[in-house]
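# Residue-level structural notes
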Amino acid sequence: KLFTKIKSIAFLVTLFFCCTSLYSQSAMTNVESRNTTNLNGDWTVIIDPTGTGDWRQVWKEKKPEKKTDFYEYSFEGSPTMKVPGDFNSQMVEITYLEGIVWYKKEFTHTTKSNKRNFIHFGAVNYVADVYLNGEHIGSHEGGFTPFQFEITDKIKSGKNALVVKVNNKRLKNGLPSLGFDWFNYGGITRDVNLIETSKCYIEDYHIQLEKHSDNEVLGWVQLNGVSKSEKVKIKIPELNIEYETISNKNGLAEVKFSGEFELWSPQNPKLYSVIIKSKNDEVTDEIGFRTIEIKGKEVLLNNKPIFFKSVNIHEENPYKAAKAYSEEDALILLNWAKELGCNMVRLAHYPHSEHMVKLAEKMGLMVWSELPVYQHIEFSNPDVPQKMDLMMKEMIRRDRNRAAVVLWSLSNETYSFTENRDNALIELTKQCKLLDDTRLITHVINNQGYDNNTFNVWDTLYNHVDIIALNEYLGWYVPWQGKPSETKWKFVNDKPVFISEFGGESLYGSNYGPKDEAASWSEEYQEKIYQDQIEMFNNVPNLIGVCPWILVDYRSSGRMHPVYQKGYNRKGLISENGEKKKSWYIMKEYFQTENN
Ligand code: GCB
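Anyway, here's the lowdown on the structure attached to this text. Worth saying up front: this structure is predicted, and the values here are computed from it rather than measured.

## Quick notes on the overall build of the protein
Assigned secondary structure in the protein consists of eight helices and 35 strands. For the protein, the C-alpha radius of gyration of 25 Å lies close to 25 Å, the compact-globule estimate for 596 residues. Projecting the C-alpha coordinates of the protein onto the three principal axes gives extents of approximately 75 × 65 × 45 Å. For the protein, with 596 residues in total, the buried portion stands at 61%. When contacts within the protein are restricted to residue pairs at least 6 apart in sequence, those whose partners lie at least 24 apart make up 73%. For the protein, the exposed surface amounts to about 23,800 Å²; the carbon and sulfur share of it is 50%. Charged side chains of the protein number 71 positive and 79 negative; the gap between the two group centres comes to 4 Å.

Take a look at the structure:
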């Protein structure tokens, strides 16, 4: 029965991606283990703030032939930029550009008749149009998820020219929409790889424990390019597991075996080398096994109640004031999270790079992964639900084998309480459960009622989630109405409760203001918010986790105070120079006292 369910899901997903093939294809998983030619490095760029490149057909790279010919652009002689990387931080003139940059990379290749070729992008913010050798091969929308194009019939032996038009202009019907409180870094922000596969290759797989079981693996392997059934093997050498299954004509193979796994947990982030082998392809992944489930008011990790000690993180390298993209960048941020005493990171407000998720997993940090369905989304636009659905599929597909990822967060602070919003997000939740019922699901809400020092926590979506996630800024945006310890709570239901954001701003070193005034931007005022919040946490029913906003001060163009903010959201526990504020120590001490 379960396999029938898996089959129908896989079929629907395949059908969906076939129907949208004019656009990008869903990316194959686990690029790291494939036969790749890395295209990172210096790319030539043409800055195109007025969008003239489209009618000039920049990708054709026309050259003058007659005496009277001239073209007002050229990649030759243009500057270069690093890929991966955002363009805003690489050229001071375009710091605030929200528009078009054309990128070009040349590479050489030798075609082989028995191979297929793909061009794979880790992420491009926000819309990418990709051209190979003068031909448009497709586009992709969404700044934080991977995508690929098959170029087997288009790639040549010898020199090839890849051109990408990147546009990070905000779209009303985009995800996120026009307004968001982080820096809109545009560019080819993650790795680019040319991937060579056999004619029939392992496209995707799901190798995780069955829900409620700590020793039964239930999953599937999806081959792409099959003409008939094929044997598929799964080996876990460390456990002497050698499992064999067979794919159907659509390339889908059921996986079901058991093993005596040492379970993955923050204390013991155990990963196993798992080898997946088909007739002509093989991939290796490092996979952890664990269970995560709700039992009444508690969340159980590997059958034991867990309290999530989390911290919010944006994908920014503070020392470079640039988009983070590498394992080194991830290490800076995650080392701080570990030092703070966290067992989880909330990767706000969009899927971060695969480096970040994989490193978190190795370091024993659970991951909260989120879609940028953020605040003012245009739910009345019929395109929006489709975009959300596609982005969710891309997010889940990339990380579904990561034991560290325990929770899919499908939206944050959506403001319009309309039927469109409810219907779209309830449907998204259903689809998410269908795709992956082994993890928890949430939506983050921030506009609870708060009167007479009493919270009234209610939202239609809370009836569809596994945990109630709420953001509250008592002491900052909202003044306290009484003693923090006497705050009262009414909840719409009895589910576990996660305080996913709280905090306030302070400038590191600004401690000259009176203790009780926010306007001093002092470390003391921020410290006081943290002390009060912690006092309040003791009385929050069903509390299973807290997550301060935010680990590090980060760039946000709407944060305009000329002395205290200077383009930064200052709610960090740490400044952008790595200095720890007083609030850091309060939070660290709190996490130390919560001992699980
Ligand atoms: C929030 C948002 C977060 C903002 C934060 C703030 O509620 O979820 O994205 O950056 O507040 O600093 O206002």
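The rest of the description comes next.
## Structural notes on the environment of F121
You can see F121 is positioned in strand β5 (residues 115-121). For F121, a relative accessible area of 0% translates into the label buried. Sequence-distant contacts of F121, defined by excluding residues within four places in its chain, comprise V130, P146, F147, F149, V164, I188, D191 and V192.

## Let's talk about the pattern of salt bridges
Note that side chains of opposite charge can pair when their charged atoms are close. Taken as a whole and assessed by the stated rule, the structure comprises 42 salt bridges. Among the ionic pairs, K358 bridges to E32, the shortest N-O distance being 2.6 Å. Residue K358 is located in helix α4 (residues 354-363), and its partner E32 is located in the loop between α1 (2-19) and β1 (35-38); the two are separated by 326 residues in the primary sequence. For E32, a relative accessible area of 64% corresponds to the exposed category. E106 is the salt-bridge partner of K104, the closest N and O atoms lying 3.0 Å from each other. The class of E106 is partly exposed, set by a relative accessible area of 40%.

## Brief notes about the nonpolar core
Ranked by internal contacts, the top residues of the largest apolar core, which has 92 residues, are F308, L334 and V546. Apart from the residues lying within four places of it in its own chain, the contact partners of F308 are I292, V299, N343, M344, M366, V406, F498, I544, G545 and V546. Formed by 29 residues, the second largest nonpolar core is a distinct cluster that contains M81, L97, F149 and L162.

## Looking at the sheet that holds strand β20 (residues 304-305)
The strands making up a sheet associate through backbone hydrogen bonding, with each pair oriented either parallel or antiparallel. With antiparallel pairing, the three strands of this open sheet are ordered in space as β18-β19-β20. The open sheet is flanked by β18 (292-295) and β20, the only strands paired with a single partner.

## Regarding the packing of helix α5 (residues 383-399) against helix α6 (residues 419-435)
Two quantities define a packed helix pair, namely the angle between the helix axes and the distance between the axes. For the pair α5 and α6, interaxial distance at closest approach is 10 Å and the crossing angle is 25°. One way to sum up the angle between α5 and α6 is to call them roughly parallel. Two packed elements cross with a definite hand, and for α5 against α6 that hand is right-handed. Facing P385, M388, D389, M392, K393 and I396 of α5, the residues of α6 in contact are A424, L425, L428, Q431, C432 and L435. Among the residues making up the contact of α5 with α6, the classes are represented as nine nonpolar, one polar and two charged.

What counts as what
- The numbering scheme is per chain: residues are counted from 1 as the chain's sequence reads.
- Thresholds applied to this predicted model are a pLDDT of at least 70 for local features of residues and 80 or more for the giving and counting of side-chain atom pairs; totals over whole chains, interfaces and linings are not thresholded and use all residues.
- Only hydrogens and water are set aside when side-chain values are computed; all heavy atoms of the structure are taken into account.
- Counting from the N terminus, the helices are the DSSP runs of H or I reaching at least four residues and the strands are the DSSP runs of E reaching at least two.
- In this setup the radius of gyration rests on C-alpha atoms only. A globule is expected at 2.2 Å times the number of residues raised to 0.38.
- Think of it in three bands: residues with accessible area under 20% of the maximum for their type are buried, residues over 50% are exposed, and the middle band is partly exposed, with areas taken using a 1.4 Å probe on protein chains only.
- Contact between two residues is taken to exist if any of their heavy atoms lie within 4.5 Å; hydrogens are not considered.
- Method for areas: the Shrake-Rupley scheme with a 1.4 Å probe, in which residue coverage is limited to the protein chains shown.
- This count recognises Lys and Arg as positive and Asp and Glu as negative, with His and chain-terminal groups excluded.
- A charged residue contributes its charge at one atom only: NZ of Lys, CZ of Arg, CG of Asp or CD of Glu.
- Any Lys or Arg side-chain nitrogen found within 4 Å of a carboxyl oxygen on Asp or Glu counts as a salt bridge.
- In this text, buried Ala, Val, Leu, Ile, Met, Phe, Trp, Tyr and Cys residues form a nonpolar core when linked through side-chain atoms within 4.5 Å.
- Two strands are said to pair when DSSP picks up at least two bridges between them.
- Lines fitted to C-alpha atoms define the axes, with helix axes restricted to the stretch in contact, and inter-axis angles between N-to-C directions lie between 0 and 180 degrees.
- An angle counts as roughly parallel when it lies under 35 degrees, as roughly antiparallel when it exceeds 145, as roughly perpendicular when it falls between 65 and 115, and as oblique in every other case.
- For any helix crossing, the convention is left-handed if the near helix is rotated counterclockwise from the far helix by under a right angle, and right-handed if that rotation is clockwise.
- Nonpolar residues are Ala, Val, Leu, Ile, Met, Phe, Trp, Tyr, Cys and Pro. Charged residues are Asp, Glu, Lys and Arg, and all others, Gly as well, are polar.

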